[in-house]
Amino acid sequence: MSTEITRARVLESLGRLRLGRIGEQLDALLSTAARGEPTYLDFLDTILREEVGAKQRKRVAMGIQIAHFPAVKTLDDFDFKFQPSVDQKLVRELAVSRYVANAENVLVFGPPGVGKTHLAIGLGRAAVEAGYTVLFTSATALLGALSKAETEGQLAERLAFYAKPKLLVVDELGYLPFEKRSAHLFFQLIAAAILDRLLHHSFTLMIQGESYRLKQKRKAGLLGRAEKAN
C-alpha cells in the first residue's frame, strides 16, 4: 500500500476523531520523529501532548470570550510593587482557583483606581485556565438586567443565567447605592439574606495605595498642567 494512501487514511481517521491539531502538524511531527527516531511510546506521547495542548488553548480562548472580560488583564501584569498592601501570596493561592471548587467568595476592597478590576479579571482568567466557566459583569449591568427581567416576568430565567457559571465576577459592587429592591434582587442571586452571609467563608483583599490612574496622569505630565490651570 502506498504511503500517500496510508497518509490519506490517517488524516481521515484524525478528522473523524476530531484530532485536528495532529492533522495540521502531521508532516512536521513525522519529520521530527524521523530525525530523532523516538520509540513508538515516545512518538505517541508527543502527538497526544500536541493535541491536548491545542485543545486546552482553544478551550481557554473560548472561555475567556464567554466570560466577557472588559479588558485583557492577567495577574502577571499586576504591579505588586506599586501596591505593596496587596497580599501577593494570597493572590497566588487564589489563582489556583480552589475557592471556586469550594464555593467560597473573594471580596476585593479599595478606593477607585488601585487595581481592583485588574485583580478581578486576573483571577477570573486564572479560573478559566483551571477549567471553570466564568462570567464577568458590572454591578450596574447586573442589577439593570435583573430589574428588567423582573418587570418582564423573566426573573427566574435571568437568575439562572447568572447562576450558571461556576464563577460570577461582579465589578464595582461597592460603588452602587443599594435600594431595597436592588438588594432584594441581588441577594436572590447569591442566595443570602444579609451581607454577613456573603462575608462568611470569604477571602478578603484590601488595597491601600496610590491610584494607578493618577500615577499615569502624573507620568504623562497631565496632572501638573491641570493643577497649574486651577
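Before reading further, recall that the structure is shown in the block above.
These numbers were taken from a predicted model, which means no experiment stands behind them. (Residues numbered from 1 in each chain as written. Predicted model: local features only at pLDDT ≥ 70, side-chain atom pairs only at ≥ 80, totals over all residues. Heavy atoms only, no water.)

## A short note on the packing of aromatic side chains
Per the counting criterion, the structure on display carries four aromatic pairs. Look at F69 and F136: their rings are 6.1 Å apart centre to centre, the planes differ by 65°, and that puts the pair in the edge-to-face class. Note that F69 is positioned in the loop between α4 (40-67) and α5 (88-95) and F136 in strand β2 (residues 134-138), a separation of 67 residues in sequence. Judged on exposure class, the residue F69 and its partner F136 are both buried. Across from the ring centre of F161, 4.5 Å away, lies the NZ or CZ of R158, which sits over that ring. (Phe/Tyr/Trp six-rings, centres within 6.5 Å; stacked < 30°, edge-to-face > 60°. Helix = DSSP H or I, 4+ residues; strand = E, 2+ residues; numbered from the N terminus. Buried < 20%, exposed > 50% of the residue type's maximum accessible area, 1.4 Å probe, protein only. Lys NZ or Arg CZ within 6 Å of the ring centre and 35° of its normal.)

## As for unusual backbone geometry
Negative phi characterises most residues that are not glycine, and trans characterises most peptide bonds. With a phi close to 60°, R18 is a non-glycine residue in the positive phi region. On the secondary structure map, R18 appears in the loop between α1 (3-16) and α2 (20-24). Unusually for a residue other than glycine, H68 sits at a positive phi of about 60°.

## Observations regarding the nonpolar core
General note: in soluble globular proteins, nonpolar side chains tend to be found buried as a group. Residues F69, V86, V91, L119, V134 and L167 are the most contacted members of the largest nonpolar core, which totals 28 residues. Taken together, the elements giving at least two residues each to this core come down to α4, α5, α6 (98-101), α7 (116-129), β2 and β3 (167-171). A per-element tally of this core places α7 first, with six residues. In this view, L167 contacts Y99, V100, G124, A127, T133, V134 and L135; residues no more than four positions away in its chain are not counted. In terms of nonpolar packing, the next biggest core, distinct from the first, is built from 13 residues, L135, L143, A145 and L146 among them. (Core = buried A, V, L, I, M, F, W, Y, C linked by side-chain atoms within 4.5 Å. Contact = heavy atoms within 4.5 Å.)

## Describing the packing of helix α3 (residues 26-36) against α4
Running from N to C, α3 and α4 point in directions that differ by 150°, and their axes come no closer than 11 Å. Between α3 and α4, the crossing angle belongs to the class labelled roughly antiparallel. In this structure, the crossing between α3 and α4 has a hand that is right-handed. Across the interface between the two elements, L29, L30 and A33 of α3 pack against F43, T46 and I47 of α4. Looking at the contact of α3 with α4, its residues break down into five nonpolar, one polar and no charged. (Axes fitted to C-alpha atoms, helices over the stretch in contact; angles between N-to-C directions. Parallel < 35°, antiparallel > 145°, perpendicular 65-115°, else oblique. Left-handed = near helix turned anticlockwise from the far one by under 90°. Nonpolar A, V, L, I, M, F, W, Y, C, P; charged D, E, K, R; others polar.)

## A short note on the environment of R125
As for its position among the elements, R125 is in helix α7. Look at R125 and you get buried, because its relative accessible area is 15%. Taking the C-alpha atoms as reference points, R125 and V72, separated by 53 residues in sequence, lie 9.2 Å from one another. Those residues in contact with R125 that lie beyond four places of it in its chain are I64, F69, V72, K73 and T74.

## Things to note about the pattern of salt bridges
Any two side chains of opposite charge can pair, given that their charged atoms come close. What the rule picks out here adds up to nine salt bridges. With a closest N to O distance of 3.1 Å, R49 and D45 form a salt bridge. Here the residue R49 and the residue D45 both occupy positions in helix α4, the gap between them amounting to four residues, near one helical turn. Residue D45 is classed as partly exposed on the basis of its relative accessible area, which comes to 39%. Put simply, E150 and R181 hold a salt bridge, and the shortest N to O gap is 2.9 Å. Of this pair, E150 sits in helix α8 (residues 139-151) while R181 sits in helix α10 (residues 180-190); the two residues are 31 residues apart in sequence, bridging distant segments of the chain. One continuous salt-bridge network, built from bridges that share partners, spans R21, E24 and E50. (Salt bridge = Lys/Arg side-chain N within 4 Å of Asp/Glu carboxyl O.)

## A few points about α5
All buried positions along α5 are accounted for by L90, V91 and L94. Projected onto a plane normal to the axis of α5, the buried residues spread over an arc of 100° and lie on a single side. Measuring from the side-chain oxygen of the N-cap residue of α5 to the backbone nitrogen of K89 gives 3.3 Å; that N-cap residue is D87. (Arc of directions from axis to C-beta. Polar contact = N/O pair within 3.5 Å; in protein donor to acceptor, adjacent residues only side chain to side chain.)

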